[in-house]
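Structure at a glance
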Amino acid sequence: MHRKTIAELAQGLRRREFSSVELTEALLARIRTLDGQLNCFVTVTEDTALAAARDADARLARGEAGPLTGIPIAQKDIFCTEGIRTSCGSRMLDNFVAPYDATVVERLRQAGTVLLGKLNMDEFAMGSSNETSYYGPVRNPWDPDTVPGGSSGGSAAAVAARLIPGATGTDTGGSIRQPASFCGITGLKPTYGRVSRWGMIAFASSLDQGGPMARSAEDCALLLQAMAGFDPKDSTSVERPVPDYAAALEGELAGLRIGLPREFFGDGLDPDVARLIQDAVAEFEKLGAQVLDVSLPHMALSVPVYYVVAPAECSSNLARYDGVRFGYRCQDPKDLADLYLRSRGEGFGAEVKRRILIGTYALSAGYYDAYYLKAQQIRRLIRDDFQRAFAEVDVLMGPTSPTVAFRLGERSADPIAMYLSDIYTIAVNLAGLPALSIPVGFSRQLPVGLQIIGNYFDEARLLNVAHRYQQVADWHRQAPAGFAD
Ligand code: GLN
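Conventions adopted
- Residues numbered from 1 in each chain as written.
- Predicted model: local features only at pLDDT ≥ 70, side-chain atom pairs only at ≥ 80, totals over all residues.
- Heavy atoms only, no water.
- UniProt positions renumbered as here; feature names shortened; annotations may be inferred.
- Helix = DSSP H or I, 4+ residues; strand = E, 2+ residues; numbered from the N terminus.
- Rg over C-alpha atoms; globule rule 2.2 N^0.38 Å.
- Buried < 20%, exposed > 50% of the residue type's maximum accessible area, 1.4 Å probe, protein only.
- Contact = heavy atoms within 4.5 Å.
- Areas by Shrake-Rupley, 256 points an atom, 1.4 Å probe, with all protein chains shown as cover.
- Lys, Arg positive; Asp, Glu negative; His and termini not counted.
- Charge placed at Lys NZ, Arg CZ, Asp CG, Glu CD.
- Near = heavy atom within 4 Å.
- Polar contact = N/O pair within 3.5 Å; in protein donor to acceptor, adjacent residues only side chain to side chain.
- Nonpolar A, V, L, I, M, F, W, Y, C, P; charged D, E, K, R; others polar.
- Phe/Tyr/Trp six-rings, centres within 6.5 Å; stacked < 30°, edge-to-face > 60°.
- Lys NZ or Arg CZ within 6 Å of the ring centre and 35° of its normal.
- Expected span 1.5 Å × (residues − 1).
- Arc of directions from axis to C-beta.
- Axes fitted to C-alpha atoms, helices over the stretch in contact; angles between N-to-C directions.
- Parallel < 35°, antiparallel > 145°, perpendicular 65-115°, else oblique.

As annotated in an unreviewed UniProt entry, the protein chain carries the name Glutamyl-tRNA(Gln) amidotransferase subunit A and is attributed to Candidatus Methylocalor cossyra. The annotation that UniProt attaches to the protein chain under Catalytic activity (unreviewed entry) is "L-glutamyl-tRNA(Gln) + L-glutamine + ATP + H2O = L-glutaminyl-tRNA(Gln) + L-glutamate + ADP + phosphate + H(+)". The protein chain has a UniProt comment under Function (unreviewed entry) that states "Allows the formation of correctly charged Gln-tRNA(Gln) through the transamidation of misacylated Glu-tRNA(Gln) in organisms which lack glutaminyl-tRNA synthetase. The reaction takes place in the presence of glutamine and ATP through an activated gamma-phospho-Glu-tRNA(Gln)."

Before going further, it helps to spend a moment on the overall build of the protein chain. On a plain count of helices and strands, the protein chain comes out with 15 helices and 11 strands. For 485 residues, the compact-globule estimate of 2.2 N^0.38 gives 23 Å, and the protein chain sits close to it at 21 Å. For the protein chain, the spread of C-alpha atoms along the three principal axes comes to 65 × 55 × 45 Å. Looking at the 485 residues of the protein chain, the share that counts as buried comes to 60%. Looking at the protein chain alone, contacts between residues at least 24 apart form 76% of all its contacts between residues at least 6 apart. Accessible surface, the protein chain as shown: approximately 17600 Å² in total, 52% of it carbon and sulfur. Between the centroid of the 49 positive side chains of the protein chain and the centroid of its 57 negative side chains there is a distance of 2 Å.

Looking now at the site of the ligand. Among the 15 residues in the neighbourhood of the ligand, the closest are listed as Gly173, Ser175, Tyr306, Arg355 and Asp422. Between the ligand and Ala125 there is a distance of 2.8 Å, counted from a nitrogen atom to a backbone nitrogen or oxygen. A distance of 2.7 Å separates an oxygen atom of the ligand from a polar atom in the side chain of Ser175. When the ligand sits alone it has 290 Å² of accessible area, and the protein chains cover 100% of it. Residue composition of the shell around the ligand, by class: five nonpolar, seven polar and three charged.

Looking at the element boundaries, Thr191 is found in the loop between strand E5 (186-189) and strand E6 (210-214). Judged by its relative accessible area of 1%, Thr191 is buried. When sequence neighbours within four positions are dropped, the list of residues in contact with Thr191 reads Gln209, Gly432, Leu433, Pro434, Tyr456, Phe457, Asp458 and Glu459.

Inspection of every chain in the model, using the stated rule, returns 18 aromatic pairs. Centre to centre, the rings of Tyr306 and Tyr307 are 4.8 Å apart; their planes meet at 80°, and the pair counts as edge-to-face. Just as Tyr306 is buried, Tyr307 falls in that class too. Here Tyr321 and Phe326 contribute two aromatic rings whose centre-to-centre distance is 5.8 Å and whose plane-to-plane angle is 75°, an arrangement assigned as edge-to-face. The exposure class assigned to Phe326 is partly exposed, which follows from its relative accessible area of 32%. Joined through ring pairs, the aromatic side chains of Phe96, Phe124, Tyr321, Phe326 and Phe348 make up one cluster. In this structure, Lys233 is placed above the aromatic ring of Trp198, and the distance from its NZ or CZ to the ring centre is 4.1 Å.

Moving on: helix H10 (residues 336-347). With 12 residues, H10 extends 16 Å from end C-alpha to end C-alpha; this agrees with the ideal 16 Å at 1.5 Å per step. If you check which residues of H10 are buried, you get Asp338, Leu339, Ser343 and Gly347. Within H10, the buried residues cover an arc of 125° as seen down the axis, which keeps them to one side. One side-chain oxygen at the N-terminal end of H10 lies 3.4 Å from the backbone nitrogen of Ala337; it belongs to Asp335.

Moving on, we come to the packing of helix H9 (residues 302-317) against helix H11 (residues 350-363). A pair of packed helices is characterised by two quantities: the angle between their axes and the separation of those axes. Packing of H9 against H11 brings their axes to within 7 Å, and their N-to-C directions diverge by 100°. Considering the angle they form, H9 stands roughly perpendicular to H11. Contacts between H9 and H11 involve Tyr307, Val308, Pro311, Ala312, Cys314 and Ser315 from the first element and Arg355, Ile356, Ile358, Gly359, Thr360, Ala362 and Leu363 from the second. Looking at the contact of H9 with H11, its residues break down into nine nonpolar, three polar and one charged.

Moving on, we get to the UniProt feature "domain: Amidase" (unreviewed entry) in the protein chain. Sites flagged by UniProt as "domain: Amidase" (unreviewed entry) map to residues 22-463. With 37% helix and 14% strand, residues 22-463 has end C-alpha atoms that lie 30 Å from one another.

According to UniProt, the positions carrying the feature "active site" (unreviewed entry) are Lys76, Ser151 and Ser175. Spanning 100 residues, the annotated positions come together in the fold, the maximum distance between their C-alpha atoms being 11.1 Å. For Lys76, a relative accessible area of 0% gives the class buried. Along the chain, Ser175 falls in the loop between strand E4 (166-170) and helix H6 (177-183). When its relative accessible area of 5% is taken as the criterion, Ser175 is described as buried. With sequence-adjacent residues up to four places away left out, Ser175 is seen in contact with Lys76, Ala125, Gly127, Gly150, Ser151, Ser152 and Thr170.

What follows is the structure, given as structure tokens:
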């Protein structure tokens with residue numbers, strides 16, 4: 001059963017080939033035997049999962065099932081879940097049990113999915129390798145000595161290893177797409193505002209966006225259908241109808257205009273990755289698309305801009321963890337200052353502290369104009385670059401990441417090298433655009449991802465383009481050795 005995609009599982013459930021309880025038990029058993037090698041799960045919710053599966057079976061028997069009824073999934077541990085610990089990969093929230101569900105959690109539950117647990121991630125979603133998690137690194141199922149990417153590394157590895165058919169992720173600067181690329185799965189970062197952020201623990205509020213991670217574009221369409229839409233509880237969610245994503249999957253690609261931003265193919269791009277991206281683009285030409293050269297002249301500024309804006313927002317968002325209201329509190333504080341200092345000093349890891357320091361500095365009165373204001377101005381130029389490109393083309397394509405998965409520990413001592421793994425993904429968040437990553441081949445036995453970027457609210461087109469490719473290519477069907485059967 002674990003070999004099937006969400007769409008195939010839904011069909012099997014409806015035809016009574018197996019029940020949701022059987023499917024849930026089979027995947028829980030797989031998690032028990034295999035997750036020790038990978039460390040994808042922070043929490044497994046066995047009992048509530050079986051109860052939800054029984055409910056789903058009852059609904060299936062009554063003929064009241066939707067496309068996700070009875071499908072097991074897991075949530076990135078950044079989404080609040082009522083009664084189930086939400087750690088955000090941090091010691092700070094190791095003991096935190098939210099009193100409510102995030103909107104995404106609630107919607108996926110209402111759609112009938114069965115929650116199997118909470119997935120490991122970089123601490124507060126800050127990272128590109130899952131090595132900043134308080135719960136230890138996640139390993140990439142394609143090669144356990146390499147990282148799965150981050151920050152949604154637990155989600156990507158669990159889907160790639162077929163422990164679950166689909167998961168949620170969040171993407172502030174690439175955290176859905178880059179791990180999807182490293183683990184050979186499909187991951188979609190929606191337009192900012194398409195999916196509610198309510199109950200999704202904030203890192204950088206103007207950049208964060210939740211989205212689906214699964215093996216195929218078709219499965220991502222099914223998950224996004226449940227996740228997307230206006231939420232009165234999130235003032236940045238957009239009141240705009242949600243299209244039928246599944247219905248849009250089959251559209252013809254004849255005449256599709258693909259732009260290749262020349263800045264995505266310069267120095268630093270692994271030649272093997274470049275070749276596989278070119279091969280994938282050639283496949284789209286066979287499907288009737290035409291390819292044009294475009295330019296995003298401010299691309300080179302996106303990483304420096306991001307590392308002012310994201311830390312600035314995080315320093316503000318993470319001020320709430322003070323040891324008083326919730327989260328970690330140090331032992332026997334001497335006085336209030338000691339309580340703050342030691343609770344934050346002991347509760348946060350090194351990367352989170354680095355970001356808080358950078359952000360506080362950039363926002364301080366003497367430096368605000370020089371850093372934060374300047375970064376926001378350049379952010380506008382980056383957005384304008386994309387809008388000029390989308391006047392000429394329908395989608396942009398390029399690599400998701402300049403390299404395949406790197407080795408554990410290889411970049412953890414060098415923050416700049418780590419930050420550069422998101423060089424092709426970060427601009428998309430600064431502009432608020434939707435983008436997805438799909439697997440398009442292997443280099444040294446590790447997956448390579450193609451990034452497809454769309455204009456605002458063009459998720460249906462992105463899924464359509466990815467789905468047509470996945471009908472002529474089968475990279476997304478390959479499983480890592482040791483996790484296939
Ligand atoms: N790797 C980037 C960072 O560390 C992006 C993380 C994310 O998208 N959550 O900030």
